[in-house]
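# Remarks on the overall topology
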Amino acid sequence: MTLDDRELDRRLAALTRESAPGADHWPTIERRIQAPRRWGLPVAASAAAALVLAVAALRVVGPGPEPNEATDLQAVVSAEARAMQASAPDETDVLRARSPEALMRAWSDNQSAIEEIEAALARDPGNPLLLEFLAEARLRQARLINSSLTLSTQARMTL
Amino acid sequence: METTATAHDSEARVADADADVEAAQRGDRRAFERLYRRHAALLMPMLWRMAGGDRGLAEDWLQETFVLAWRKLGQLREPGAFGGWLKRLAVNIALTEKRRGRLKTVDSDADPSAPEPPWPAADLDLERAIAALPERARQVMVLFHLSDLGHAEIAELMEIDPGTSKAQLHRARQLLKEALA
């Protein structure tokens, strides 16, 4: 005679699903991850994220700030964007992408940034900061295309 | 009122967790440590059972999981998906190590024929019966019943057919029912 299915299910459901490890493994894990993070893929993504962040900051203020507010906000957002981009290494290192997958992800992130900026421009046409960001995103788009062409001469790739 | 407060606390915890993921993605090791402390306990029982009760092996896998997670964190697009993503990393590590035929670590205090889980086990007989299952059956059992993965996902992770996953689960259940009768 075997155990009933329902009884087995009941006992399985009652088993522990959460229990801290006996030892604290964090010190060992921390030692192993001490090597500096390689920025590889996400640089283009982080630069695109900087654009999205700046656009989001503009949204918070609203569609039509007063000239003085616009100037102050522009200075703050520009500084923020420069700081975020400065925290990443030379973007061209990433745009000399190692893999089609990395390029695809960078392209996707940049496209998201472009869509955000264009949506913001629809609400605030002619905003000089948004136009500047859009120009940078388009330039990044062109670089990504160039990188994909370079990559395709080494290995087949379709974007 | 209590329900509202509980929901608010829950939302705040989720927001904190997502913020830690995003901070860790920017290289914040303290944030990653908080993620370790939050998620290690959720992985340990699964890994211990997948290791057939070998605690040392399970803890090795746990370390490998977090080291790999740190390296791959940039690939995670949705901070809210960190828990599920981490679980998949852990399962992949456990399955890959097994496929490579990694030798078990020597846990001198353990009796391999009667493993004892590193937590107060309310159902020691069931834990030992699971640990004694044939390897593939045990893996499917643990992933399906104790890690809430479906057969499609298990099949993908184990590189088997979903039908095979179901068959292994059925086999595991039959063996457990016989062992616990």
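Details of the structure are given in the entry above.
Rules and cut-offs
Residues numbered from 1 in each chain as written. Chains lettered and ligands numbered in written order. Predicted model: local features only at pLDDT ≥ 70, side-chain atom pairs only at ≥ 80, totals over all residues. Heavy atoms only, no water. Helix = DSSP H or I, 4+ residues; strand = E, 2+ residues; numbered from the N terminus. Expected span 1.5 Å × (residues − 1). Buried < 20%, exposed > 50% of the residue type's maximum accessible area, 1.4 Å probe, protein only. Core = buried A, V, L, I, M, F, W, Y, C linked by side-chain atoms within 4.5 Å. Contact = heavy atoms within 4.5 Å. Polar contact = N/O pair within 3.5 Å; in protein donor to acceptor, adjacent residues only side chain to side chain. Salt bridge = Lys/Arg side-chain N within 4 Å of Asp/Glu carboxyl O. Axes fitted to C-alpha atoms, helices over the stretch in contact; angles between N-to-C directions. Left-handed = near helix turned anticlockwise from the far one by under 90°.

## Digging into unusual backbone geometry
The backbone of Asp148 of chain B sits at a positive phi, close to 60 degrees, despite the residue not being glycine. Structurally, the position occupied by Asp148 of chain B is in the loop between α6 (135-146) and α7 (151-158).

## Concerning helix α6 (residues 100-123) of chain A
Between its first and last C-alpha, α6 of chain A extends 35 Å over 24 residues, near the 34 Å set by a 1.5 Å rise per residue. For α6 of chain A, the set of buried residues is Ala102, Leu103, Ala106, Asp109, Asn110, Ala113, Ile114, Ile117, Ala120 and Leu121 of chain A.

## Structural notes on the nonpolar core
Nonpolar side chains tend toward joint burial in soluble globular proteins. Judged by nonpolar contacts, the single largest core of 62 residues is most densely connected at Phe32, Met46, Leu47, Met50 and Phe66 of chain B. The greatest single-element share of this core, amounting to 11 residues, is contributed by helix α2 (residues 29-50) of chain B. Not counting chain neighbours up to four residues away, the residues in contact with Phe66 of chain B comprise Ile29 of chain A together with Phe32, Leu35, Tyr36, His39, Ala40, Leu43 and Leu86 of chain B. Membership of the second largest hydrophobic core comes to 8 residues, among which are Ile117, Ala120, Leu134 and Ala137 of chain A.

## Quick word on the side chain of Arg173 of chain B
Within the secondary structure, Arg173 of chain B sits in helix α8 (residues 162-179). Judged by relative accessible area, Arg173 of chain B falls into the buried class, the value being 12%. Within polar-contact distance, the side chain of Arg173 of chain B engages the side chain of Asp5 of chain A at 2.8 Å. Excluding residues within four positions of it along the chain, Arg173 of chain B makes contact with Asp5, Leu8, Asp9 and Leu12 of chain A together with Met141 and His145 of chain B.

## Quick look at the pattern of salt bridges
Residue and element names in this part refer to chain B. Going through the model one piece at a time under the given rule, you end up with 17 salt bridges over all chains. Of the charged contacts in the structure, one is a salt bridge between Arg55 and Glu59, with a shortest N-O distance of 3.3 Å. With Arg55 and Glu59 both in helix α3 (residues 55-72) and 4 residues apart, the pair spans about one turn of that helix. Judged by its relative accessible area of 31%, Arg55 falls in the partly exposed class. Notably, a salt bridge pairs Glu153 with Arg88, separated by 2.5 Å at the nearest N-O pair. Remark: Arg88 occurs in helix α4 (residues 82-99) and Glu153 occurs in helix α7; sequence separation between them is 65 residues. Note on Glu153: relative accessible area 25%, which makes it partly exposed.

## Observations regarding the packing of α2 of chain B against α3 of chain B
All names here are of chain B. Axis separation between α2 and α3 bottoms out at 9 Å; the angle between their running directions is 145 degrees. Handedness of the α2/α3 crossing: right-handed. Counted together, Arg29, Phe32, Leu35, Tyr36, His39, Ala40, Leu43, Met44, Leu47, Trp48 and Met50 of α2 and Arg55, Ala58, Glu59, Trp61, Leu62, Thr65, Phe66, Ala69 and Trp70 of α3 form the full contact between these two elements.

Note that every value here comes from positions in space, so none of it alone points to a role or purpose.
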